Amino acid sequence: NRLHWDELDTDWRRIIRDCPLPELTDTEQDLYLVAKLITDEVIRRSIIQRTSGHPLSLILQCRIYHKLVYNGHIPVGEDFPSTQREIMDRFIDHLDVTTGFALRIAAVADEIEHKLWDFLSSRYNAVASIRLGDLTTDDLFKWADDRFTLHEALKIHLINDSEAKDPELLQKIRSTIFEFH
């Protein structure tokens, strides 16, 4: 995510420059997949082709792969979605209901710290069993200053999906967060 110091303190404007990062190369993606214990070269090539070097898509494809294996399915190339939207949809579909709901709640908050999560999980019994530390153990969250932030692309996807499928629940989550603050 872009730093906004130049907007907060005008002295930074003359110093800060945008530096867009390139997409991951095929070699970098392959090294990541091998590190994530995806050993089948055909599967790795299929995932690399479908992610187009997008880091979040690569992370989610790995999670889809491991969920398929966990469920006793031998993955084939067609098991992996092709677009970022399809990748996120499939990733959410492969989550258990409780974790999926917890991520939807996390998407609504700009940042989550332990007190906020404890408050939210006391209001939503479906996620009461999920500790914040368990939810934020992977690459989907960034951690800074004792707060967690859900990956921006996934956050936007989940909010848009919630707006389309259950706007009343989305508004209830927003109101609950407002109540906390």
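Residues numbered from 1 in each chain as written. Predicted model: local features only at pLDDT ≥ 70, side-chain atom pairs only at ≥ 80, totals over all residues. Heavy atoms only, no water.

A.B. asks: Would you mind going over the packing of helix 9 (residues 152–165) against helix 10 (residues 167–180) in detail, with residue names and values included?
C.D. replies: Two elements in contact, helix 9 and helix 10, have axes separated by 5 Å at closest approach and are oriented at 125°. Of the possible angle classes, the one that applies to helix 9 and helix 10 is oblique. On helix 10, the residues touching Ile159, Ser162, Glu163 and Lys165 of helix 9 are Pro167, Leu170 and Arg174. Residues that form the contact of helix 9 with helix 10 fall into these classes: 3 nonpolar, 1 polar and 3 charged. (Axes fitted to C-alpha atoms, helices over the stretch in contact; angles between N-to-C directions. Helix = DSSP H or I, 4+ residues; strand = E, 2+ residues; numbered from the N terminus. Parallel < 35°, antiparallel > 145°, perpendicular 65-115°, else oblique. Contact = heavy atoms within 4.5 Å. Nonpolar A, V, L, I, M, F, W, Y, C, P; charged D, E, K, R; others polar.)

A.B. asks: Can you lay out the packing of aromatic side chains for me, pointing to particular residues and giving the numbers?
C.D. replies: Taken as a whole and judged by the stated rule, the model has 3 aromatic pairs. Each ring, one from Phe101 and one from Tyr124, has its centre 5.9 Å from the other, and the planes form 75°; the classification is edge-to-face. Of this pair, Phe101 sits in helix 6 (residues 97–108) while Tyr124 sits in the loop between helix 7 (114–123) and helix 8 (132–135); the two residues are 23 residues apart in sequence, bridging distant segments of the chain. Residue classification places Phe101 among the buried residues on the basis of a relative accessible area of 17%. By relative accessible area, Tyr124 is classed as buried at 6%. Between Phe119 and Phe180, the aromatic rings sit 5.3 Å apart at their centres with planes inclined by 50°, giving tilted as the arrangement. Of this pair, Phe119 sits in helix 7 while Phe180 sits in helix 10, and the two are 61 residues apart along the sequence. Residue classification places Phe180 among the partly exposed positions, given a relative accessible area of 27%. (Phe/Tyr/Trp six-rings, centres within 6.5 Å; stacked < 30°, edge-to-face > 60°. Buried < 20%, exposed > 50% of the residue type's maximum accessible area, 1.4 Å probe, protein only.)

A.B. asks: Which residues make up unusual backbone geometry, and what values go with them?
C.D. replies: Even without a glycine there, the phi angle at Ser52 is positive, about 55°. Relative to the helices and strands, Ser52 resides in the loop between helix 3 (41–51) and helix 4 (55–70). Relative accessible area serves as the criterion here: at 57%, Ser52 is assigned to the exposed category. In this model, Asp145 sits at a positive phi of 50°, which is unusual for a non-glycine residue. Tracing the backbone shows Asp145 in the loop between strand 1 (141–144) and strand 2 (147–150). The class for Asp145 is exposed, based on a relative accessible area of 66%.

A.B. asks: Go over the nonpolar core with me, naming the residues and quoting the values.
C.D. replies: Counting 46 residues, the largest nonpolar core has Phe91, Leu103, Trp117, Leu140 and Leu154 as its most contacted members. Counting residues per element, this core draws most heavily on helix 4, at 8 residues. Residue contacts for Trp117: discarding those within four places in its chain leaves Ala102, Ile105, Ile112, Val127, Ile130, Arg131, Leu132 and Leu135. (Core = buried A, V, L, I, M, F, W, Y, C linked by side-chain atoms within 4.5 Å.)

A.B. asks: Would you mind going over helix 4 in detail, with residue names and values included?
C.D. replies: For helix 4, with 16 residues, the first-to-last C-alpha span of 23 Å sits near the 22 Å given by 1.5 Å per residue. Within helix 4, burial applies to Leu56, Ser57, Leu58, Ile59, Leu60, Gln61, Cys62, Ile64, Tyr65 and Leu68. Against the buried residues of helix 4 lie helix 2 (26–35), helix 3, helix 5 (84–94) and helix 9. (Expected span 1.5 Å × (residues − 1).)

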